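Structural overview for review
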Amino acid sequence: MGMIKGFMVPFRQIFKRKVTIQYPEQKRSKPQRFHGRHVLNRYPDGMEKCIGCELCAAVCPARCIYVRGMDNPPDAPVSPGERYGFVYEINLLRCIFCGLCEEACPTEAITMTQLFEMSVSNRDDAIYTRTELLMDSDGTVPHPQPDSILVDKGELRLADGWMRATAPSGRAAYEGVIAWTPTAGVGTRPAEKGQSAESHQSPVTSHQPEGDSGLGTGDRGLETSSDG
Ligand code: SF4
Ligand code: SF4
C-alpha cells in the first residue's frame, strides 16, 4: 500500500502545469525593472547621451565604473554637452546591479538592459568598454558574443531603460509623466503602466533642444506636461 502511495506522488505531477522551461531556447519574460547588463544610449540623431560627468562612477558602491570625460570637438561634437565620455568601462565582475549609476546619471545615458547572460572565459572580457556598451546610431546594442543562443537580440534592441527605479526626485508631480528623453531605435516610450495619472498623459516627444546641456531632463518632462 505504501508503495502505491509512493508511485502516486510522481504520477500526479504528470498532469500538473510545468514550472520549468527549455532554457535557453525558451525564455521567461522578465520584470520591467529587471537589472541586466548596461548600455550607453544615444539620442535619435546619433548624439551620445553621456556627457562624461563621472557621476555614475562616483555613486557606484562597487567602484566598478571608470569614466574619463573629454571636451567635445567644436566642429564635430559627440554629445550635446561640453564634454563626452571618452573612456567608459564597467567591470561586470564587480558590479552588483544595483542601478545606482542609472539613477545618478543626469542625461539617462547609462541604463540597464534585461540581459543577464554575460558568461565569459577570461576576466578581461568581463570589463565592458565603449565598444560593448555604446549603442549604434540606429539603436542596436553590441554584445561580446552576438551569435550566442543566449543573446536575445530583441532584448538588446529595447535596451534603453526609459524608466528609473524611482520617479525623478520622488515627486508626485511626475506620476504618469514621460520624463525620459527619446533614444535611437526606440524613440519616446509611454509612461510606465500602473503609475499613470489620467491628468498627466501628455507625451514628451521633442528631442533635446540645441544648446541644452542635457541636465535636468525631468524638468523638461514637467514643462511639456503643463503645456498639454
Ligand atoms: S549597477 Fe550599481 S554596482 Fe553596477 S555599475 Fe551601476 S552603480 Fe555600480
Ligand atoms: S553619469 Fe551619465 S553622463 Fe555622467 S559619465 Fe556617467 S553615464 Fe555619462
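Report follows, based on the coordinates. From a predicted model like this one, the values you see are computed outputs, not experimental measurements. (Residues numbered from 1 in each chain as written. Chains lettered and ligands numbered in written order. Predicted model: local features only at pLDDT ≥ 70, side-chain atom pairs only at ≥ 80, totals over all residues. Heavy atoms only, no water.)

1. Notes on unusual backbone geometry
What counts is decided by this rule: Each helix is a run of H or I in the DSSP string that is no shorter than four residues. Each strand is a run of E no shorter than two, and both are numbered from the N terminus. Think of it in three bands: residues with accessible area under 20% of the maximum for their type are buried, residues over 50% are exposed, and the middle band is partly exposed, with areas taken using a 1.4 Å probe on protein chains only.
Omega for the peptide link from Tyr23 to Pro24 comes to 10 degrees, which places this bond in the cis form. The residue Pro24 is located in the loop between α1 (2-14) and β1 (38-40) in this model. Notably, Arg63 is not glycine yet its phi reads approximately 50 degrees, a positive angle. The topology assignment puts Arg63 in the loop between α2 (55-59) and β2 (65-71). Positioned with a positive phi, Phe97 is a non-glycine residue whose angle comes to about 55 degrees. Here Phe97 lies in the loop between β3 (83-91) and α3 (100-104). Given the relative accessible area of 22%, Phe97 is considered partly exposed.

2. What to know about the site of ligand 1
Note the following rule: The rule for a residue being near a molecule or strand is that one of its heavy atoms must lie within 4 Å of it. Here the term cavity refers to a set of points on a 1 Å grid, laid over the protein atoms alone, in which a 1.4 Å probe fits but cannot get out; the term pocket refers to an open set having protein on both sides within 12 Å along at least five of seven lines, with lining residues being those that place an atom within 4 Å of a point. Cavities and pockets are treated as containing a molecule whenever more than half of the molecule's atoms lie within 2 Å of their grid points. The classification used treats Ala, Val, Leu, Ile, Met, Phe, Trp, Tyr, Cys and Pro as nonpolar, Asp, Glu, Lys and Arg as charged, and all other residues, Gly among them, as polar.
The full set close to ligand 1 counts 14 residues, and Cys60, Cys95, Cys98, Gly99 and Cys101 are the nearest of them. Structurally, ligand 1 is housed in the largest cavity. Residues of the shell around ligand 1, tallied by class, amount to twelve nonpolar, two polar and no charged.

3. Let's talk about the environment of Leu92
So the rule is basically this: Throughout, a contact is declared for two residues whenever any of their heavy atoms are within 4.5 Å.
By the secondary structure assignment, Leu92 is in the loop between β3 and α3. The buried category is assigned to Leu92, whose relative accessible area is 11%. Setting aside anything within four residues of it in sequence, one finds Leu92 in contact with His38, Phe97, Met118, Ala126 and Tyr128.

4. Here we look at the site of ligand 2
Around ligand 2 lies a shell of 14 residues, among which Cys50, Cys53, Glu54, Cys56 and Cys105 are the nearest. Among the detected pockets, ligand 2 sits in the second largest cavity. Residues of the shell around ligand 2, tallied by class, amount to eleven nonpolar, two polar and one charged.

5. Comments concerning the nonpolar core
Formally: Here, nonpolar core means buried Ala, Val, Leu, Ile, Met, Phe, Trp, Tyr and Cys residues that are tied together by side-chain atoms lying within 4.5 Å of each other.
Counting 20 residues, the largest nonpolar core has Cys56, Ile65, Tyr88, Ile90 and Ile110 as the members making the most contacts within it. When residues of this core are traced back to their parent elements, those giving at least two are β2 and β3. With sequence-adjacent residues up to four places away left out, Ile90 is seen in contact with His38, Cys64, Ile65, Ile110, Ala126, Ile127, Tyr128 and Leu133. Within the second largest apolar cluster, seven residues are counted, among which are Val39, Val141, Val151 and Ala184.

6. Some remarks on the sheet that holds strand β5 (residues 127-128)
Heads up, the condition is: Criterion used throughout: strands pair if DSSP finds at least two bridges between them.
Strand order across the open sheet formed by three strands is β2-β3-β5, with antiparallel pairing between neighbours. Both edges of this open sheet fall to β2 and β5, since each of them pairs with a single strand only. For β2 and β3, the ladder comprises seven bridges, and the chain directions are antiparallel. Residue pairing across strands places Tyr66 opposite Glu89, the latter belonging to β3.

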